[in-house]
Amino acid sequence: MQYKVVPPVPDSLEALETARRAVPLVPRSETDCCARVMDRAGVPARDEAKEWLTFMRALGLVAEAERGYRRTRDTVAREELAAAFRERVYGAEDLLEALDEREPASAESVFERFAGSVPTWERQRHADWRRVWRERVDRLLDWAVLFGLARRENGGYVRR
């Protein structure tokens, strides 16, 4: 299963860990978990906190239980986060394939290469699908950099 939700990238992996630790070990309701993520990780809105919960599920940092969400017990290394990102976040693999290993590409050119991966139903779902997916590509690029899968170079991005 792949997850589509991609929240704004934090400044560091420590901020991601702070959001993970905001979710309790014993399952709590989505409402409680969102409030905790907002309070402890500085996420400004409930909708964004819900995005964080979903994204952390994709990375294997949080699990959904019958009674709500709980954090996983194990600390996850950067390489494991990178692998989960590639495998479980929709578009991450296609985005990385759109990057070259030597020649930097601007976010706009990466989006143009990626645009063919946007499903037809997503194009029809949004009045301005290009704006919605351009923002998503920008976020995917930033997460790829944080996880060490890409780097910024000369105003663009290259795959590592």
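To keep things clear, this report deals only with the structure shown in the data block. None of the values given here were measured: they were computed from a predicted structure.

## Re helix α3 (residues 46-59)
Taking 1.5 Å per residue as the helical rise, α3 with its 14 residues ought to reach 20 Å, and the 20 Å between its terminal C-alpha atoms agrees with that figure. Within the span of α3, buried status applies to Ala49, Trp52, Leu53, Thr54, Phe55, Met56, Arg57, Ala58 and Leu59. Just downstream of α3, Gly60 is the residue with a positive phi angle, here 80°.

## Section: the packing of aromatic side chains
Following the criterion strictly, the structure yields seven aromatic pairs and no others. Between Trp52 and Trp143, the aromatic rings sit 5.9 Å apart at their centres with planes inclined by 70°, giving edge-to-face as the arrangement. In this pair, Trp52 sits in helix α3 while Trp143 sits in helix α8 (residues 129-146), placing the two residues 91 residues apart along the sequence. No difference in accessibility class separates Trp52 from Trp143, as the two residues are buried. One aromatic cluster is present, formed by Trp52, Phe55, Phe85, Trp143 and Phe147 through successive ring pairs. In this structure, Arg123 is placed above the aromatic ring of Trp129, and the distance from its NZ or CZ to the ring centre is 4.3 Å.

## Details of the side chain of Thr54
Checked against the element boundaries, Thr54 lands in helix α3. What makes Thr54 buried here is its relative accessible area of 16%. With residues near it in sequence (within four places) discarded, Thr54 still touches Tyr3 and Val5.

## Let's talk about helix α4 (residues 78-88)
Spacing of three or four residues puts side chains on the same side of an α-helix, whose turn is 3.6 residues. Those residues of α4 that fall on the buried side of the exposure criterion are Leu81, Ala82, Ala84 and Phe85. Looking straight down α4, one finds its buried side chains confined to an arc of 165°; they lie on one side. Seen from the open side of α4, the exposed residues pointing more than 90 degrees away from its buried face are Glu79 and Glu87. On the buried face of α4, the contacting elements are α1 (13-22), α3, α5 (92-97) and α8.

## Some details on the nonpolar core
In this structure, Leu16, Val37, Met56, Leu59, Phe85, Trp143 and Phe147 are the most contacted members of the largest nonpolar core, which totals 50 residues. Among the secondary structure elements, those contributing two or more residues to this core are α1, α2 (30-41), α3, α4, α5, α6 (107-114) and α8. Among the elements that take part in this core, α8 stands out by supplying nine residues, more than any other. Beyond its immediate stretch of four places on either side in the chain, Val37 contacts Ala19, Ala22, Val23, Gly42, Val43, Ala49, Trp52, Leu53 and Met56.

About the thresholds
- Residues numbered from 1 in each chain as written.
- Predicted model: local features only at pLDDT ≥ 70, side-chain atom pairs only at ≥ 80, totals over all residues.
- Heavy atoms only, no water.
- Helix = DSSP H or I, 4+ residues; strand = E, 2+ residues; numbered from the N terminus.
- Expected span 1.5 Å × (residues − 1).
- Buried < 20%, exposed > 50% of the residue type's maximum accessible area, 1.4 Å probe, protein only.
- Phe/Tyr/Trp six-rings, centres within 6.5 Å; stacked < 30°, edge-to-face > 60°.
- Lys NZ or Arg CZ within 6 Å of the ring centre and 35° of its normal.
- Contact = heavy atoms within 4.5 Å.
- Arc of directions from axis to C-beta.
- Core = buried A, V, L, I, M, F, W, Y, C linked by side-chain atoms within 4.5 Å.

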